[in-house]
Every structure is written in C-alpha cells, then in structure tokens.
Amino acid sequence: MDLSSLNEKQRLAVETTEGPVLVLAGAGSGKTRVLTYRIAHLIRDLGVHPYSVLALTFTNKAAREMRERTSALINRNVDNMWVMTFHSFCARILRIDGQVIDIDRNFTIYDETDKKSLIAEVMRRLNIDSKKLDKSVAAKIISDAKNRYLDPEEALIQASEQIAHIDEIYVEYEKAMRDSNALDFDDLILKTILLFKSAPHIRSKYEVQFKYILVDEYQDTNALQSELLKLLRINNKNIFVVGDDDQSIYSWRGATVRNILDFDEDFPNATTIRLEQNYRSTNTILKAANSIIMNNCDRKGKNLWTHLGEGDSIVHYYASNEFDEANFIAKTIMRNVNAGAKLKEHAVLYRINAQSRVIESTLTSYGIPYNVYGGLKFLERAEVKDIIAYLRLIVNPADRSALYRIINVPARGIGDKTVELLDNFAYEYGVPMIDVLDDGDIFSELPTAAQKKLYPFAALYKELVSLRKETPSAYQFTKKLLDTIGYYDYLKSFGDEGERRLENIQELLNAISEFESNIGDEGDALTLFLENTALATDADTADPNQDKVSLMTLHSAKGLEFFCVFIAGMDEDIFPSSRSTEDPDRLEEERRLCYVGITRAKKKLYLISASERRLYNYPKVYRQSRFMQEIPDFLKVCEGITPLNISFQSYSGYDRYASGSFTSRQSRQSLNTNRFASKPPVKVEHPKVESNYKVGMRVKHDKFGIGVIEAVVGEGGGAIVTVRFDDSTKRLAAGYAKLEIVKE
DNA sequence: TCAGCGCATGTTTTT
DNA sequence: CATGCGCTGA
C-alpha cells in the first residue's frame, strides 16, 4: 500500500497492526481514511484474508462507506469481509448460532413501536394504569437496564423500589418477547453476549475467525458493546478502536465515554494515537467549534489545527420565524448553485425531525430537490408497515406485534374486545395467538360469537401460509399476498390518498424485488429482507450520488461532511433542547452535538435562529441559543432582523417585531460581497477582478469537457479561472487554457 | 356490547 | 404517525 498520502500519526495508526490500539481522532482528522487504509494494509500488504477482518460501525451508512472505500483502495471485491453495525453483526451471529440458547432462526427484530405496543399490552394484562406509568418510560427503563447490566432483571428488581411494578413488567415483557419469537435492539447485543458466555466453543470460533477487529465511533459504545468486544478478544489482542470523546452524543442510549477512558484497562498495553490535524474545515469553523466545546468540563481536551486557511465568516441569520428561516436557506442555496455549487454539497441540519417540515415545503416551492435522512419516511408509512407486518407474520407466526397490527386491516369486524379475548385464550392455553386461529381443535373452543368474527381471518391466514409454500420468490409472494388480503380495494376506500399509498406499496414491491435479485444464497430472501428493514433507516435507501440537498438531524449527520452546512433552530429550548437545560451532563451532550454539527462544514457555515416559531402546532417566542454566544463575535457576521440584547429579563418578542425587519448590518456584509458565491478551493478574501470570463458562465475545455466558472481571479490573459467540471474542479490560466464560452 | 369513524393530541436525538 | 375519546350504528 502506498501510505505516502497519510500524515505521520495516521501512518502509525495504520501500521500498528498488532495489539490494542486506541485512536483519538478529532473531527475531520481523517478517521475513515485511517480505518480504510488500515484494512487495505492488512489485506494487501500482510496477506490477511478479508474474512478475518471484522469492522464494526453504528450506522449502515458508515459500514457501506467503509466497505466501498476499502474496496476501491485495494481494487478488489471485499464482499465477504464483515463490515457492519453492531446490531447487524449480532443479528447475524444469532441467526447462525442462536439456537444454542434457544433462539429461533426466524426471530423478528422489534423496533421501538413494536416494543412499546407490547409493553402497553403487558401493562394492560398486569392491570397497571397506563396513566400512572407511561409505556415509553417503562420501555426506557427496561432498555437502560438491558444496556447497562448483564443481568437486567436484578437491576430492575432494584429499580422497582422507585418505580412500582417495573420488575413485573420486565418479566412479562421478556416472556411476551420470547412467545413472539422476537428480539429488540438491546436483545441483539445482550443475547449475543449470553451466547458467547454460555457456549465458549462458539465464542472461540468467532475469535479465531476475526484476527483483526476494528471499531468506529468507539465513544458511542455502551457497556454491553464493550463487553462483547472483550469476549471476542480473550486471546487475540488485535483490536483497533477509533473515537472522539467530544463527539459522544449517544449517552442517552447508554453509550459511555468510559469505554475510551478505560480502554487501557480493558485491553492492557494499548497504544494510544492522537489525530489532531483537521483536513476538513476552515480555521474559522474550527475556532468556532473549539470555542463552543471549551465550555465543557468533562473532556480529555484536544488541539485541533488546520492549514486550510481562515476562510469565510460564519453567518448568523436571525430570522423572524421558521418560514423566514426556511426561505433564507432556500435563497442561499439557490445563490450558491447559481455560482456553480452543487446541491449535494449542502446540508440542512436540525435538532428534531419535526423541524424538517417547513424546510421541506419551502425547498419544494423553490424547486430545490432534497433528500430527508431519517424521520418519518418510507418504512414508517402506515401502508408499508401493514404489508411488512403481514410478511413478518408469515415468516414468524409467533410475531404478536405483527398480528395485532394486521388482524383487522383491512377492517374485518375484529375489534379490541375480540383481540383481547383471543389473547387471553391463547394465554390460558399456553400457545401463541396464531395457533388458536390455525389449529381447528383449539379454534372450536372459542365462544361462538368470537369464532364467527375470527373465522374469515383464520381462513385467510391459512391461505397465506399455503400461498407462501408454493411461492418461493419473496416478490411474487408479496404480490399475491396483496391480492389475497384485498389490500388494493382497501386502498381505494381512501380516495386520492389511496393513490399515494398505492405508489408506496409499489415502491415496496420494487424494493423487495431489487433486494431479492441482489442477494445470492445467503438465506431466505424474505427473512433477510425483513431483517434489513428492521435494522435499516431510510438513509440507506437514499442514493448519495444524487445531486440533492441533504436534510437530517444533527445526530444523523455525524461522520458526514459538506461544503456548506446550515444549522436551523439555534434557539434556546430547541438546541439545546428544553429537556437538557436543567442537567449539566445533558447540556454538555447538547454542546457536543453542536460541536458535531459545526465540524460537518468544510467552508460555509450558516447558523439560524428565529425569534418566533410554531412547533408542534404551538407558537412560541424563542431566545437565541446560548451556543450562539459561545462563538466569539469576530468569527461571525449577523444578518436578518436585529436581535435584541439577549438579556433574560428584557426579552420581549413583540419588541422585536416593532423594531422593524431586516435591518441587517449592511456595512459588514459589503466587506464580503462574494460570501455566497465562493466555493472551494477559492478563498473569498482574494480581491476579485473580472476578465472576459464571468462567474456562472458555462465553458468548454478540450480535455475536461463542459464546466461552470466558479471564480475569476486576476484580469485578462493572466486571470486564473476556477471551473467546476462534472467530477473535478480545475484552476486554469485564462491565457493558456482554451476555454470556449458555451451559450445557454 | 362492540366496531368503526372522525377529531384532537402529542412528538429529542436512533440502532 | 399513533393514541385516546366520544359518538353512531348494528
């Protein structure tokens, strides 16, 4: 491998292949580069078989990127390398070897909604008032216990002193999960650990297979994930973890920076390497990020530096409301695009998904294409969930959550009472609910009234089961299923809305068909497809090569970078969130989140506050985020309405309206006229004198083809013209490069 | 008594 | 989007 493009520290990280290695990698310090070069080095230079490498990430996106970049580096297919998320890794192991601890191969992965509905049901059965204990709260406590302790039951028995009955809920929930042949996200990790502990030969099999383990985003690992890694490394110490304590933003999910701090205890004689040179952002952006994170006490401390130059000032736009905010974003994007930037170089980040709606509709009205990552998306559409629930039930008949969802969809006269009766009946007989329907003998024991209502569904279910037997293709089966259950007619009853839903169903069919043709003989297509949908987010379905603006939460932006980043909602109680301002630890996490957001930007950063916004259909006056004040004034310019002095007492939203709109600081703006149009690698500080070539012109070059002029520096024949071609940006001397102006 | 419908409500962040 | 509530009709 040619490692000459790496800096000294990066090369050390790549070449220290034996023993435990902890890399503390600041934002933009080339972390992914180090990971991919290291894998490439192992395979190419040391002859390690790809099958012996395990690389664990937290998102599918990160896993896919790592695989692709590694493959490109060594110019070889690495499909059989295990690069995946912690959760898919565990799901895979449990499907292969889970039977040893009595886990059925066809288990279903329950998402948060499935989990909560099951907990609600368990609480109903235990006669626990849902008003006294919210099911989400119960779910969170159970999840915390599973994420922090190897013996969650013990932990919950203790917790029940404060929260009555939580231990009983847990026990019943576990039982219901087992009956449903289902695992939740926490179970995937926990059960894999239990498998490894109770079956040492299986643990050892994987330890022998994975001669090298790499872990990305180590600061996001929780106690159990670290335990899992330790189990995989009892004899072999080749473990390489990369993390950044300043980017730890998942402690609410049980992640703990302790894993980084205690790495040397968990894996003795570890080598620690710090990557502090930032290759992504301008110095201005780094300074802003540093000045924010400096306010945190609980950190190791890092010294990020760059030689990319100062760059443009950060723009703080103070909007009158969320529509003004969205308009500003849209206009700025348009201006950048007219100056030659690509849509895909822009990202709009926000704290909560609910903020995306106004931004989406505004971008649409401007005709700006975008992709929303995460949030309410395709897989969360009711109609898609319905069909997936049917498929789940066929693959795993014990899946209660799926049965609950579809037993009366389309409506067939089976209401809550009938379902409750069915459930109680199954409970007393000690069989899964579906067996009551499927087994004629048990079915005939039901009260006649219930039989009458349930019979058509029982018959439908049997028909689906035999249909599945004679239709091996997942795609064909799903098509037939839609006919059999009368889903098309059901959609018609929704009128125009039904048309839209039909399109989504069509999209689902396409996805299944595509998935099916892409997998080889890895297993049953339908089972694997369902696993994929359970562990995937919509970010995975979006094509990153499309030239579209990216919209996502700050959390899902981690690991990504964009030339131009907007952070919307820099308002107190939104960011930092109202739920975090009381607790210093949570506030520090919000601050790290802000640090993550800012360091996504390479060149341009726009922070947007609004004096008033309507969120959750509730209008409210906002104060700008405290984080805005943590960025020193000399790094930013202000635009939009004039923010009042942000003192806590004198604040009044009405004054702000009265003070008139859009009194922006013209004088400061005019110092930097090129601010919106500039694009890397041109620095805006350059005095700009135009020649014949003008910014925005389309020109043709003999070798590079057609491109758009992004900047012109100098005059006449001596001018340097920056042209963005399809896949590269070139700086060309106007006198030599024969640039032909292309008419529109 | 139960099913089904319309309407109001509440939603941090995510594998 | 899911959940809860009140109303209507069988």
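From a predicted model like this one, the values you see are computed outputs, not experimental measurements.

Time to look at the overall build of chain A. If you tally the helices and strands in chain A, you get 30 helices and 22 strands. For chain A, buried positions account for 54% of its 744 residues. Only carbon and sulfur atoms are counted for the fraction: they give 49% of the accessible area of chain A, which is about 33,000 Å².

Looking now at the protein's contact with DNA strand C. In the region of DNA strand C, the neighbouring residues are K131, K135, E380, R381, A382, K385 and R405. In this structure, a phosphate oxygen belonging to DNA strand C sits 2.8 Å away from a main-chain N or O atom of A382. A class-by-class count of the residues in the surface near DNA strand C yields 1 nonpolar, no polar and 6 charged.

Attention now moves to the side chain of R95. For R95, the position within the fold is in helix 4 (residues 86-97). A polar contact is formed between the side chain of R95 and the side chain of E531, at a distance of 2.5 Å. Ignoring sequence-local partners within four residues, the contact set of R95 consists of R105, N106, F107, I109, T527 and E531.

Inspection of the entire model under this criterion finds 19 aromatic pairs. On the basis of an interplanar angle of 15 degrees and a centroid distance of 4.8 Å, the ring pair of F566 and Y606 is categorised as stacked. With F566 in strand 13 (residues 562-568) and Y606 in strand 14 (residues 601-610), this pair connects stretches of sequence that are 40 residues apart. When sorted by exposure, F566 lands in the same class as Y606, which is buried. Every member of this aromatic cluster is reached through a ring pair, and the members are W82, F89, F196, Y206 and F210. In this structure, R95 packs its charged tip against the face of F107, placed 3.9 Å from the ring centre. Of note, R501 hangs over the ring of F494, and the distance from its end group to the ring centre comes to 4.5 Å.

Our next topic: the confidence of the model for chain A. Here chain A averages 84 in pLDDT, and 87% of its residues register 70 or above. Ignoring residues within four places in sequence, the model shows residues 645-691, a span with pLDDT below 50, making 91 contacts including any to other chains.

In spatial order, the strands read 3-2-6-7-1-8; together these 6 strands make up an open sheet with parallel pairing. Single-partner strands in this sheet number two, and they are strand 3 (82-85) and strand 8 (271-275). On average, each strand axis in the sheet is tilted by 15 degrees relative to the strand beside it, whichever way the strands run. With 4 bridges connecting them, strand 2 (residues 53-57) and strand 6 (residues 212-215) associate as parallel partners. Within strand 6, the residue paired with V53 across the bridge is Y212. Here helix 1 (residues 8-15) sits on the sheet in contact with strand 1 (21-25), strand 7 (239-243) and strand 8, set at roughly 145 degrees to strand 8. In this fold helix 4 packs onto strand 2, strand 3 and strand 6, with an angle of close to 110 degrees to the strand it touches most, strand 3.

Compared with an ideal rise of 1.5 Å per residue, which puts 14 residues at 20 Å, helix 19 (residues 416-429) spans 20 Å between its outermost C-alpha atoms and is within 8% of the ideal. Looking only at helix 19, the buried set comprises T418, V419, L422, D423, F425 and A426. Take helix 19 and look down its axis: the buried residues cluster within an arc of 160 degrees, on one side only. For helix 19, the exposed residues lying more than 90 degrees away from the buried face are D416, K417 and E428. Of the surrounding secondary structure, the elements contacted by the buried residues of helix 19 are helix 5 (112-125), helix 18 (400-406), helix 20 (433-438), helix 21 (440-443) and helix 22 (448-470).

A word on unusual backbone geometry. With glycine set apart, most residues show a phi of negative sign, and most peptide bonds adopt trans. Omega for the peptide link from V409 to P410 comes to -5 degrees, which places this bond in the cis form. Inspection of the secondary structure assignment puts P410 in the loop between helix 18 and helix 19. The omega torsion of the bond from F575 to P576 falls at 5 degrees, within 30 degrees of zero and hence cis. You can see P576 is positioned in the loop between strand 13 and helix 27 (584-598). A positive phi angle, close to 55 degrees, is found at N181, a residue other than glycine. Within the fold, N181 resides in the loop between helix 8 (166-179) and strand 5 (182-184). The class for N181 is buried, based on a relative accessible area of 15%.

The next subject is the packing of helix 14 (residues 283-293) against helix 27. Here helix 14 crosses helix 27 at 175 degrees, and the two axes come no closer than 9 Å. Classed by the angle they form, the pair helix 14 and helix 27 counts as roughly antiparallel. From helix 14, I285, A289, N290, I292 and I293 reach across to helix 27, where they touch R591, R592, C594, Y595 and I598. The residue inventory of the contact of helix 14 with helix 27, partitioned by class, reads 7 nonpolar, 1 polar and 2 charged.

Running from amino to carboxyl end, helix 5 crosses helix 6 (residues 135-148) at an angle of 110 degrees, the nearest separation of the two axes being 9 Å. Compared by their axis directions, helix 5 and helix 6 come out roughly perpendicular. Residue-level inspection shows K115, K116, I119, A120 and M123 of helix 5 in contact with helix 6, the latter providing K135, S136, A138, A139, I142 and S143. The residue inventory of the contact of helix 5 with helix 6, partitioned by class, reads 6 nonpolar, 2 polar and 3 charged.

Conventions and cut-offs
- Residues numbered from 1 in each chain as written.
- Chains lettered and ligands numbered in written order.
- Predicted model: local features only at pLDDT ≥ 70, side-chain atom pairs only at ≥ 80, totals over all residues.
- Heavy atoms only, no water.
- Helix = DSSP H or I, 4+ residues; strand = E, 2+ residues; numbered from the N terminus.
- Buried < 20%, exposed > 50% of the residue type's maximum accessible area, 1.4 Å probe, protein only.
- Areas by Shrake-Rupley, 256 points an atom, 1.4 Å probe, with all protein chains shown as cover.
- Near = heavy atom within 4 Å.
- Polar contact = N/O pair within 3.5 Å; in protein donor to acceptor, adjacent residues only side chain to side chain.
- Nonpolar A, V, L, I, M, F, W, Y, C, P; charged D, E, K, R; others polar.
- Contact = heavy atoms within 4.5 Å.
- Phe/Tyr/Trp six-rings, centres within 6.5 Å; stacked < 30°, edge-to-face > 60°.
- Lys NZ or Arg CZ within 6 Å of the ring centre and 35° of its normal.
- pLDDT = per-residue confidence, 0-100.
- Pairing = 2+ DSSP bridges.
- Axes fitted to C-alpha atoms, helices over the stretch in contact; angles between N-to-C directions.
- Expected span 1.5 Å × (residues − 1).
- Arc of directions from axis to C-beta.
- Parallel < 35°, antiparallel > 145°, perpendicular 65-115°, else oblique.

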